[in-house]
Amino acid sequence: MTSRYQEQFSVEGIKFTHREKVELIEIDNAFAKATITTLGGSVLSFMPKGQKDLLWVSDTAVYDGSKPVRGGVPVCWPWFGAAKQAGLPAHGFVRSMVWNVEKAVHLDTGATRVLLACESDENTMAQWPHPFSLKLCIEIGESLILTLISANLSDESIDITEALHTYFAVANPVGMQIKGLEKSTHLDKLASDAPAEIQNEIVVLNPPKDSVYLNQTGTVAIIDADNNRQIIIEKRNSQSSVVWNPGPEIVKGFADIDDQAWLEFACVESGNVLDNFITLPSKAEHMLSVQYSIEPLA
Ligand SMILES: O=P(O)(O)OC[C@H]1O[C@@H](O)[C@H](O)[C@@H](O)[C@@H]1O
């Protein structure tokens, strides 16, 4: 199947392909190889030259378009986590929408920039009655830079929560350190009655883990020791981080994650969730940006 985008964006190093019903954008430039899907506007792979993939995608991910591809960087919007209203999907609906490719360009720096967009339609209005437009700018260079721009097209102000739900490929999540979450407000989602507490220590991942860190704006470092690398997450306009790994029991409830695959990834998500929600006045825009870099262990 030929993509309608191939002629529109005839750019060296960018190929539009399909896997089953899912449209893929494959990038190969001087810095890295990457794969993006228009389903949910998710980056599925980012492999700087000579390095292992930054991102994890499940071997049992579904590519028939019936649900988001498990892994990569799903976009959770306009709400993070369970919906307030019964019957609506967790993590919002844009991760299940097919986004448009607005731009695909080669930059003078040698990096590649892809701009994806989606907007409100009848289906979204039925779930969340607010006109919006959402853009995701993806830059594939030495680092992976994602910028999510939310625009409120309605006449009223709206509240949103959001997250870039990144699945990092790590050599061994058990006992892995995640630095930079100290001093934030920790909410343990697996202990529903536990009060929020200030996170005093460096986070050590011992799956299962499902934790929200509120009022957390600084740089986060994932110490992927067995890969001899650290993953640096620099954020702008993000007041929350979320750490998730289902561990050996909860994973069994996921049809699109193998029982052993929890040992291959850690989700460290950047956004604005729960009490860190964003109020967007009428016609206003809000920009959330993250930069992911791989560095050798210090
Ligand atoms: O299966 P989903 O909807 O993609 O969610 C996966 C996980 O996403 C995390 O962000 C949540 O904190 C978890 O509670 C959730 O289980």
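Nothing here was measured: the structure is a model prediction, and the numbers come from that model.

Engineer: Even after reading the chapter, I still don't get the overall build of the protein, so can you show me in this structure?
Structural biologist: When its secondary structure is counted, the protein shows 3 helices and 23 strands. For a compact globule of 298 residues, the expected C-alpha radius of gyration is about 19 Å, and the protein comes in at 18 Å, within 12% of that figure. For the protein, the C-alpha atoms occupy an extent of roughly 50 × 50 × 35 Å along the three principal directions. Expressed as a percentage of the 298 residues in the protein, the buried residues total 56%. Sequence-distant contacts, at least 24 apart, represent 63% of the contacts inside the protein between residues at least 6 apart. About 13400 Å² of surface is accessible on the protein, with carbon and sulfur atoms providing 48% of the total.

Engineer: Explain the environment of Ala90 here, please?
Structural biologist: Its location among the elements puts Ala90 in the loop between β5 (75-76) and β6 (100-106). On the basis of relative accessibility, which here comes to 36%, the residue Ala90 falls in the partly exposed class. Residues Ala90 and Glu122, 32 residues apart in the sequence, show an inter-C-alpha distance of 19 Å. Leaving out residues up to four positions away in the same chain, Ala90 has contacts with Trp79, Gly81, Ala82 and Arg95.

Parameters and conventions
Residues numbered from 1 in each chain as written. Predicted model: local features only at pLDDT ≥ 70, side-chain atom pairs only at ≥ 80, totals over all residues. Heavy atoms only, no water. Helix = DSSP H or I, 4+ residues; strand = E, 2+ residues; numbered from the N terminus. Rg over C-alpha atoms; globule rule 2.2 N^0.38 Å. Buried < 20%, exposed > 50% of the residue type's maximum accessible area, 1.4 Å probe, protein only. Contact = heavy atoms within 4.5 Å. Areas by Shrake-Rupley, 256 points an atom, 1.4 Å probe, with all protein chains shown as cover.

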